[in-house]
Amino acid sequence: MLQLSTPSLRDSILRHLTYSFGKDPEHAILEDWRMALSYAVRDRIVDAWFKATHQTYETGAKRVYYLSMEFLIGRLLEDGIVNLELVEEAKSALAEFSKDYNDVLADEPDAALGNGGLGRLAACFLESLSTIGCPAHGYGIRYEHGLFRQSFVGGRQVEQPELWLGQRHAWEFERPEVRYRIGFGGHVTNHGETVRWHPAEEVEAEAFDTPVVGWKGRWANTLRLWSGRAIHPFDLAAFNHGDYAAAAAPEALARTISRVLYPDDTTEQGKELRLKQEYFLTGAALRDILRRFNNQFGDLRKLPSKVAIQLNDTHPAIAGPELIRILHDERGIPFDESMDIARNTLSYTNHTLLPEALESWGEALFGRLLPRHIQIIDQIDNEHANRNPSRTQSMRADHQVKMGQLSFVMAHKVNGVSALHTELMKTTVFEELHNLHPDRIVNQTNGVTPRRWLLACNPRLAGLITESIGEVWVDDLEQLEKLEPYIEDAGWLDRYGKVKRDNKVELSNWMGQAHGFHVDPDMIFDVQIKRLHEYKRQHLNILETIAHWLEIRDNPDADWTPRLKLFAGKAAPGYFFAKDIIRLINDAAAVINADPLTNKYLKIAFLPNYNVTLAERLVPAADLSEQISTAGKEASGTGNMKFALNGAPTVGTLDGANVEIRDHVGAENFFLFGMTAEEVMERRMVESHAQKAIAADPRLARALEVIREGRFSPAEPERYHNITGNLEGADYFLVCSDFSDYWRAQREVDAAFKDQQGWARMAAFNTARSGWFSSDRTIRGYMKDIWDAKSLLD
Ligand code: CRA
């Protein structure tokens, strides 16, 4: 390998500024500095990247491939700097040119190639895979427009297109030589044993690589994203006829396939384009995987021993039939053997049990777009039925292709994302398949990377921890338990409390500057940040807020604990109920924040355009983490883990990973309320459950009443009748039934917060006992229980 000496970061920045961007320091704009610093950091990542690639080839190690429609990676510059331990050097290098480190970091666009938890989990996993040194690739789509930008007009969500590629992006390497043709439609021919698919339409998938560096730069893996290209980009004949639009049409059409991320994280759009995107990603990834495998190993029967492919939810589920198509139709391996090879290579993660989110495709659409794959699915289904005669549920039902069933049958392991969710999988959607294959379902509780979600986003806390127990925690997060003895030391606990207080001051200042929102940092910072969804119950939170406001008004001189209710999150553009909840929160905020009788005790803020960067600002400053979903509905959650780690106790239900968080941090450091998943199912059977709950709780009745009479929308009193009507009627998510207990838990929070030392203790125990929620632990679990993959660093 070529050996180059590593220049100082300062020299490297200056070189890139000069020779890569053609600017001298006098004329460089902020973006030039950001790019020059990024390139300087990237150079060092590339060194680690090459080393890792060589080692993987030399050892012939098994490789992991993570197929995901979403990678919510956010900004990458700070991630690289932190993992390479270049923070101080970068700060002083920039200071020499009179540039502020934070300004330069803030210039980077936030790559929002995902909707929420599923995409962010994929990004944490990539970073952990590199930290652990497991040879891996992420495969996804290079959407030109990530998740929409959100702003509020008159309290209402307005969506604008997101343009992360509008500014220069430092991290990707275009690979014009890595292109695959992906077909759609057409017909299938049979010549004796030989079956062939002849697609009617083809586009090219072109690779763009982003290196992902792990802690201390010991290893780097690749995120390979596919971009749509036309095979014949330009129609010269049309151009010569003067039809310029038609001349450019092939390119425009091919590009639409990777143009936009579907902005819905729980329901399927049912769009042809979405199915095309899924096959585009999967088809290109599989070809790439098999090319690499063939170069190195050749014998396809060995595929499962050298390749593990993880399907991140059912979105890449077409990988099963596609792999069989390649092995059987193209390489001549018998069907049942092809099926076994594919299954032993593939595994599948389920991320939700919400019925509306379980993917299924109309068979007419599916058959038209993927005529060979639908035949293969039928053959898989028959083969599975033959091998399991007691089976009753097919993967083809009601003229639909059921992607969950297909994924389960085509995976050797199927995992849930928290202990509760995994158990519910066994008794609900996958009950029959679980009974047929009782060893297939395993649990891997989600985790978050401590590099981004503590070391980088919360430098004050990270500093205190490192000073106390050393740096070991950064890639061995369970070492945080060594903090426990310090918690008994009043001096240390004061410092822990001061870290939080300083983080709150920093956030308050930013909210004042960026949003003109002024808030006293001594209030409880009570935070609910996540996608808007009825099951996540932001409306339970605002109802309690309104009820609390009314109570303060009744008795404004009492000793109230001041509280800031902070919200952030986007609603899917077509999810009108969720958008109404946003508007209600904003309307209520306008009235309540302006109330001179109460506003030193209660304020509400809904920050626009929630994204990874905003989360990195909010999490370190939170006092209280709102995890209040209807039990049984949130598969895991990962925000809940970030808050606990950063010292914000949870007010929450026994849902998803909350259950395990409470087990780890201790029941005394967690504000539990609400029905269990079992009680939820029983309660739904109770006739008029919502009406009964309202009749039993005058505070709830009054909060609903003021919304209904238009206190927050005087110009349009009926504005929220849809919400109040829903809550007083079916109330499927049991907001009313959980209200009283939520109220009680919140008053416990008020009382506990008055004892600042006691609160700091509780917060510190949350930090000290959250080590288990590292995505390093999760990835090691996948490596051992699912992929049979080894670290090349251990
Ligand atoms: N919406 C779940 O709802 C979970 C993440 C990651 C979700 C979360 O509870 O933490 O996945 N499910 O496992 C999902 O996207 C398609 O299903 C999510 O992010």
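Computed from a predicted model, the values in this text were never measured in an experiment.

Caption draft 1: The overall build of the protein, seen in detail. Looking only at helices and strands, one finds 33 helices and 24 strands in the protein. Against the compact-globule benchmark of 28 Å for 794 residues, the protein has a radius of gyration of 27 Å, which places it among compact chains. Counting only residues that meet the buried cut, the protein has 61% of its 794 residues in that class. Long-range contacts, defined as pairs at least 24 residues apart, comprise 77% of the intrachain contacts of the protein with a sequence gap of at least 6. Accessible area for the protein stands at about 29200 Å²; split by element, carbon and sulfur atoms hold 51% of it. In the protein, which carries 90 positive and 113 negative side-chain charges, the distance between the mean positions of the two groups comes to 2 Å.

Caption draft 2: Fine view of the environment of E322. Structurally, E322 is set in helix 11 (residues 319–330). Along the backbone, E322 and S8 are 314 residues apart, and their C-alpha atoms lie at a distance of 48 Å. Among residues more than four places away in sequence, those in contact with E322 are Y279, G283, L286, R287 and H373. Separated by 2.6 Å, the side chains of E322 and H373 make a polar contact.

Caption draft 3: Structural detail: the state of the cysteines. Enumeration over the complete set of coordinates arrives at zero disulfides. Counting only cysteine sulfurs, C124 is the nearest neighbor of C134, a cysteine outside any disulfide, at a range of 16 Å.

Caption draft 4: Region of interest: the pairing of strand 1 (residues 63–67). Taken across its five residues, strand 1 has five buried, putting it largely inside the fold. The alternating pattern of strand 1 places R63, Y65 and L67 on one face and V64 and Y66 on the opposite face, and all of these are buried. Summarising the sheet, strand 1 and strand 12 (residues 307–312) pair through five bridges and their orientation is parallel. Across the sheet, residue Y66 finds its bridge partner in strand 12, namely Q310. One ladder, built from four bridges, connects strand 1 with strand 4 (residues 136–141); its direction is parallel. Paired with Y65 across the strands is H137, a residue of strand 4.

Caption draft 5: Representation of the sheet that holds strand 10 (residues 201–213) within the structure. One open sheet holds the nine strands; their spatial order is 7-10-11-4-1-12-13-17-18, and the pairing between them is mixed. Only two strands of the sheet have a single partner each, and these edge strands are strand 7 (173–184) and strand 18 (441–443). Neighbour to neighbour, the strand axes of the sheet diverge by 25° on average, direction disregarded. Taken strand by strand, helix 9 (residues 272–296) contacts strand 1, strand 4, strand 7, strand 10, strand 11 (220–229) and strand 12, and its axis lies near 115° from that of strand 7.

Caption draft 6: Broad picture of helix 21 (residues 490–515). The end-to-end C-alpha distance of helix 21, which contains 26 residues, comes to 37 Å, matching closely the 38 Å that a straight helix rising 1.5 Å per residue would cover. Turning to helix 21, its buried residues are W492, L493, Y496, V499, K500, N503, K504, L507, S508, W510, M511 and G512. Put simply, D489 is the residue that caps the front of helix 21, since its side-chain oxygen is 2.8 Å from the backbone nitrogen of G491. After helix 21 finishes, the residue G516 shows a positive phi value of roughly 60°.

Caption draft 7: Local environment of the UniProt feature "modified residue: N6-(pyridoxal phosphate)lysine" (unreviewed entry) in the protein. In the numbering used here, UniProt assigns the "modified residue: N6-(pyridoxal phosphate)lysine" (unreviewed entry) feature to K642. With sequence-adjacent residues up to four places away left out, K642 is seen in contact with R120, V448, W453 and V619.

Caption draft 8: Spotlight on the side chain of K413. Residue placement: K413 occurs in strand 17 (residues 413–416). The charged side chain of K413 is buried without a salt bridge, its nearest counter-charge being D439 at 6.4 Å. At 3.0 Å, the side chain of K413 forms a polar contact with the backbone oxygen of D439. Other than its neighbours up to four places away in sequence, K413 contacts L346, S347, Y348, D439, R440, V442, D785 and I786.

Caption draft 9: Inspection of the site of the ligand at higher detail. The local shell around the ligand holds 14 residues, among which L118, H351, N446, E634 and G637 are the closest. Contacts to the ligand include N446, whose side-chain N or O atom sits 2.9 Å from an oxygen atom. Between the ligand and E634 there is a distance of 2.6 Å, counted from an oxygen atom to a side-chain nitrogen or oxygen. Considered on its own, the ligand offers 420 Å² of accessible surface; in the complex 96% of this is hidden by protein. Along the lines of polarity and charge, the residues of the shell around the ligand split into five nonpolar, six polar and three charged. Taken domain by domain, the shell around the ligand gets at least three of its residues from each of domain 2 (60–75 + 110–142 + 171–446 + 779–787) and domain 3 (450–471 + 478–674 + 741–773).

Caption draft 10: The arrangement of the sheet that holds strand 20 (residues 563–568) in detail. Ordered in space as 21-20-19-22-23-24, the six strands form an open sheet in which the pairing is parallel. The open sheet terminates on both sides in strands that have one partner only, identified here as strand 21 (602–607) and strand 24 (671–672). Two strands pair when backbone bridges link them, and strand 19 (residues 524–529) and strand 20 are joined in this way by six bridges, in the parallel orientation. Directly across from I529, in strand 20, lies its bridge partner A568. Contacting strand 20 and strand 21, helix 23 (residues 576–593) runs over the sheet at an angle of about 140° to strand 21.

Caption draft 11: Inspection of the packing of helix 12 (residues 335–345) against helix 14 (residues 371–387) at higher detail. Relative to each other, helix 12 and helix 14 sit at 90°, their axes nearing to 11 Å. The orientation of helix 12 relative to helix 14 falls into the category roughly perpendicular. Judged by residue contacts, F335, D336, M339, D340 and R343 of helix 12 engage I376, Q379, I380, E383, H384 and R387 from helix 14. Residue composition of the contact of helix 12 with helix 14, grouped by class: four nonpolar, two polar and five charged.

Caption draft 12: Just the nonpolar core, in detail. In terms of nonpolar packing, the biggest core is built from 151 residues, with L37, W226, F366, I380 and W787 touching the most fellow members. The element that contributes the greatest number of residues to this core is helix 2 (residues 30–59), accounting for eleven residues. Counting 55 residues, the second largest nonpolar core, distinct from the first, contains L584, V706, W743 and W759.

Caption draft 13: Geometry of the domain arrangement of the protein. Looking at the protein, the domain boundaries give domain 1 (1–59 + 76–108), domain 2 (60–75 + 110–142 + 171–446 + 779–787) and domain 3 (450–471 + 478–674 + 741–773). Between the C-alpha centres of domain 2 and domain 3 the distance comes to 36 Å. Taken together, the contacts link 32 residues of domain 2 with 29 residues of domain 3. Summed over both sides, the interface of domain 2 with domain 3 buries roughly 2200 Å², with 55% coming from carbon and sulfur. For R451, the salt bridge identified is with E127, shortest N-O distance 2.7 Å. Linking domain 2 to domain 3 there are 13 residue pairs in polar contact (both at pLDDT 80 or more). Those elements giving two or more residues to the side of domain 2 that touches domain 3 turn out to be strand 2 (71–74), helix 6 (117–132) and helix 16 (419–427). Class assignment for the residues of the side of domain 2 that touches domain 3 results in eleven nonpolar, 13 polar and eight charged.

Caption draft 14: A look at the packing of aromatic side chains. Enumeration over the complete set of coordinates arrives at 28 aromatic pairs. Ring geometry for Y348 and F430: centres 6.2 Å apart, planes at 85°, overall edge-to-face. Taken together, the residues span a long stretch of sequence, with Y348 in strand 13 (residues 346–349) and F430 in the loop between helix 16 and helix 17 (431–436) at a distance of 82 residues. Under the relative-accessibility criterion, Y348 is labelled buried at 1%. Above the ring of Y57, the side-chain terminus of R63 is found at 4.7 Å from the ring centroid.

Parameters and conventions
- Residues take numbers from 1 onward in each chain, read along the sequence in its written order.
- Where local features are concerned, this predicted model is filtered to residues with pLDDT of at least 70; where side-chain atom pairs are given and counted, the filter is 80 or more; whole-chain, interface and lining totals use all residues.
- Each side-chain value is derived from all of the structure's non-hydrogen atoms; neither hydrogens nor water enter the calculation.
- Numbered from the N terminus, helices here are DSSP runs of H or I no shorter than four residues, and strands are runs of E no shorter than two.
- Computation of the radius of gyration draws on C-alpha atoms, with the globule rule given as 2.2 Å multiplied by the number of residues to the power 0.38.
- Each residue is placed in one exposure class: buried if its accessible area under a 1.4 Å probe, protein chains only, is under 20% of its type's maximum, exposed if it is over 50%, and partly exposed if it falls in between.
- Note on contacts: a residue pair qualifies if any of its non-hydrogen atoms lie within 4.5 Å across the two residues.
- Every accessible area reported is derived by Shrake-Rupley at a probe size of 1.4 Å, with residue values counting cover from the shown protein chains alone.
- All tallies of charge rest on Lys and Arg as positive and Asp and Glu as negative; His and the ends of each chain are not included.
- By convention, the charge on Lys lies at NZ, on Arg at CZ, on Asp at CG and on Glu at CD.
- Here a polar contact means two N or O atoms within 3.5 Å. Within protein one must be a hydrogen donor candidate and the other an acceptor candidate, and residues neighboring in sequence count only if both atoms are side-chain atoms.
- When the sulfur atoms of two cysteines come within 2.5 Å, that pair is taken as a disulfide.
- A pair of strands is considered paired only if DSSP assigns at least 2 bridges between the two.
- Lines fitted to C-alpha atoms define the axes here, with helix axes fitted over just the stretch in contact, and angles between the N-to-C directions of these axes take values from 0 to 180 degrees.
- By this rule the span expected of a helix is its residue count minus one, scaled by 1.5 Å.
- UniProt positions are given in the numbering used here, feature names are shortened, and annotations may be inferred rather than shown by experiment.
- Salt bridge, as used here: a side-chain nitrogen of Lys or Arg that lies within 4 Å of a carboxyl oxygen of Asp or Glu.
- It suffices for a single heavy atom of a residue to lie within 4 Å of a molecule or strand for the residue to be listed as near it.
- Three classes are used: nonpolar for Ala, Val, Leu, Ile, Met, Phe, Trp, Tyr, Cys and Pro, charged for Asp, Glu, Lys and Arg, and polar for all others, with Gly counted as polar.
- Domains are outlined according to an automatic or database domain assignment.
- Note on terminology: angles under 35 degrees are roughly parallel, angles over 145 are roughly antiparallel, angles of 65 to 115 are roughly perpendicular, and the others are oblique.
- To define a nonpolar core, start from buried Ala, Val, Leu, Ile, Met, Phe, Trp, Tyr and Cys residues and group those joined through side-chain atoms within 4.5 Å.
- By buried area we mean the combined loss of accessible area, with a 1.4 Å probe, across both parts when two parts are placed together.
- Pairing of aromatic side chains requires ring centres within 6.5 Å, counting the rings of Phe and Tyr and the six-membered ring of Trp. Pairs whose planes differ by under 30 degrees are stacked, by over 60 edge-to-face, and all others tilted.
- Only when the NZ of Lys or the CZ of Arg is both within 6 Å of the ring centre and within 35 degrees of the ring normal is a charge said to sit over the ring.

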